[in-house]
Every structure is written in C-alpha cells, then in structure tokens.
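# Descriptive structure summary
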Amino acid sequence: MANAFAICTSFKVELLNAVHQFGSPTIVSRTSLTAPTADTFKCALYTTAGSIGAGTTAYGATNEVSNSGTYSAGGATFTWVAPNSSGTTAFSTPSASISWTGVTFTTDCCLLYNSTQSNKAIATYALGTIGVGQSVSAGNFTLTMPTNDASTGLLRIA
Amino acid sequence: MGNDFVTTTLGELPEHELEITLIEQKSDPSVWTVARECKYVGTNPELSAHVGEIVRRDVWVTIKCGHSVTGQQGV
C-alpha cells in the first residue's frame, strides 16, 4: 500500500465530535473539558418567504413559521446519532423523526442549529420545491430522516 | 373505524364524514412527500358551506439524502 494524500477518516469523525480546536472561539461551556456533554440541537421551519441557506450563521425568527399546535418559535429539539464512519466518510443523522402535531403552516425549508452554542447554524434542507413547500392544516407534520450511512446520512464528511 | 373523531379546521369531526386521500409526491429529487388530505363530505346542515373543503392536511416529508462535505484534494 502506497502513501496517499488524504484527510484521515478518524479526523472527520472527530470533527463531528468537536475533538479538535483550531482557533479560540468563545463557546458555551460543555461542563467538563475532559468529558464534555453533548450540545442541544434544534430544528426550525421557515416559510416560503424565508432566505436561509449557506450564508445563514445562526437561527433567527425572521420568516419562521408561526406558532401553532406543538410548534413554537425555535422549533424542536433533536439528538444526533453518535458520529461514525464507513470507508472514508464520516456521518451522522438525527436519531429519530422530528414531528409536530396540530399545526397549520406552509414551509419549504428547515434549519438545523446548535441551541447550546448561541444558536449557531449547521445546515439547511429543502422540504420540497423551494417557494412552494408543504402546507399543513390542523394536522401533523413529520420530518423523516434518511438512512444514517455514508451514502445518505444527513451530514457527511466524505 | 368510522366512529373515530378527527381534529380538523372545523373542530372534531367523525371520520366517516371525511373523504381521506393520500397524495404521494416523488418528483422532487431531494425529498419524498406523502400528504393526507381530509375533505368534509358530511351532512351536518350547520357545516353545509364547507362540503368539499379540505379541513385537515397532514404531511410526512422524508429527506432522501443529506449534505456531504468533501475532503478531496483539489476539489
């Protein structure tokens, strides 16, 4: 086996676990330096008037869907499956579907963000055709996650 | 079945007064969507103006595939 240029796969998993610290950002304490607790993550939904995307740095309430049923500003809390790797890809996915009941809104995008770390943004996902979205009326809205693997996991470092 | 009540925009309605349709959308490349629409088809005279109206809509969105950050050199 010859030498090869590569980002080490273990490092990719460690990035998802915040093992490395390249800079000195101000962060919210994770209780212990040697055995830190996991942060709290949330999923917020946005109307078709929203403009979240790659430039989003943190959760904001502008153009978030209105409170109804079990949906309240900021969205719902979820947990990630412990980061893993397969081949040279590290990956993780929320551990369960995210759902709200008795809601009325139209949404075309969601934002996953770190509630513990000043609501810093992680990623946005389209929930259908942008600008059209999904309309729910006095009903339930369920966001089902892809299979948590190196091909389809919600967040992958390949 | 048929005697259960369903929460709708018109309040709690018997399931047998609703016409329930499942709508599947596979056209979008990033998600797979199933919607369940409940249309009022009851005979309550107080709700006659709402006959044919969608009074509840549930949606299930499945994200087919997440984001990938590539670490390939030169990409």
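These notes cover the structure that comes with them.

The rules behind these values
- Residues numbered from 1 in each chain as written.
- Chains lettered and ligands numbered in written order.
- Predicted model: local features only at pLDDT ≥ 70, side-chain atom pairs only at ≥ 80, totals over all residues.
- Heavy atoms only, no water.
- Contact = heavy atoms within 4.5 Å.
- Buried area = accessible area lost by both parts, 1.4 Å probe.
- Salt bridge = Lys/Arg side-chain N within 4 Å of Asp/Glu carboxyl O.
- Polar contact = N/O pair within 3.5 Å; in protein donor to acceptor, adjacent residues only side chain to side chain.
- Helix = DSSP H or I, 4+ residues; strand = E, 2+ residues; numbered from the N terminus.
- Pairing = 2+ DSSP bridges.
- Axes fitted to C-alpha atoms, helices over the stretch in contact; angles between N-to-C directions.

### Some words on the interface of chain B and chain A
Frequently, the measure chosen for interface size is the accessible area that the parts lose on association. Taken residue by residue, the interface counts 26 residues in chain B and 30 residues in chain A. Per-residue buried area on chain B facing chain A is highest for Val61, Ile63 and His67 of chain B; these three make up 28% of the total on that side. Run the count over chain B and chain A and you get 0 salt bridges. Along the contact surface separating chain B from chain A lie 17 residue pairs in polar contact (both at pLDDT 80 or more). Elements with a contribution of two residues or more to the side of chain B that touches chain A: β1 (5-8), β4 (31-40), β5 (54-63) and β6 (67-69) of chain B.

### So, the sheet that holds strand β4 (residues 89-92) of chain A
Spatially, 4 strands are ordered β3(A)-β4(A)-β9(A)-β6(B) in an open sheet, and the strand pairing comes out mixed. In this open sheet, the two strands that pair with only one neighbour each are β3 (84-86) of chain A together with β6 of chain B. Each adjacent strand pair in this sheet contributes to an overall mean axis angle of 25°, direction not counted. Bridge count for β3 of chain A against β4 of chain A is 3 bridges, and the pairing is antiparallel. If you follow Asn84 of chain A over to β4 of chain A, its bridge partner there is Phe91 of chain A. Strands in contact with helix α1 (residues 9-16) of chain A are β3, β4 and β9 (155-157) of chain A; relative to β4 of chain A, the strand with the most contacts, it is inclined by about 25°.

### Remarks on the sheet that holds strand β1 (residues 41-46) of chain A
Strand pairing in a sheet is mediated by backbone hydrogen bonds. Such pairs are either parallel or antiparallel. All names here are of chain A. With respect to topology, 4 strands assemble into an open sheet ordered β2-β1-β6-β7, the strand pairing being antiparallel. Looking at strand neighbours, the two that pair on one side only are β2 (76-78) and β7 (120-126), the edges of this open sheet. Geometrically, the sheet is characterised by an average inter-axis angle of 30° between neighbouring strands, direction not taken into account. In the sheet, strand β6 (residues 109-114) pairs with β7 via 6 bridges, with the strands oriented antiparallel. Bridged to Cys109 within β7 is Ala126.

### Quick look at the environment of Ala44 of chain A
Residue and element names in this part refer to chain A. With respect to the helices, strands and loops of the structure, Ala44 is situated in strand β1. Sequence separation between Ala44 and Cys109 is 65 residues, and the spatial gap between their C-alpha atoms is 8.6 Å. When neighbours within four sequence positions are excluded, Ala44 is seen to be in contact with Tyr59, Glu64, Tyr71, Gly74, Gly75, Cys109, Cys110, Leu111 and Tyr113.

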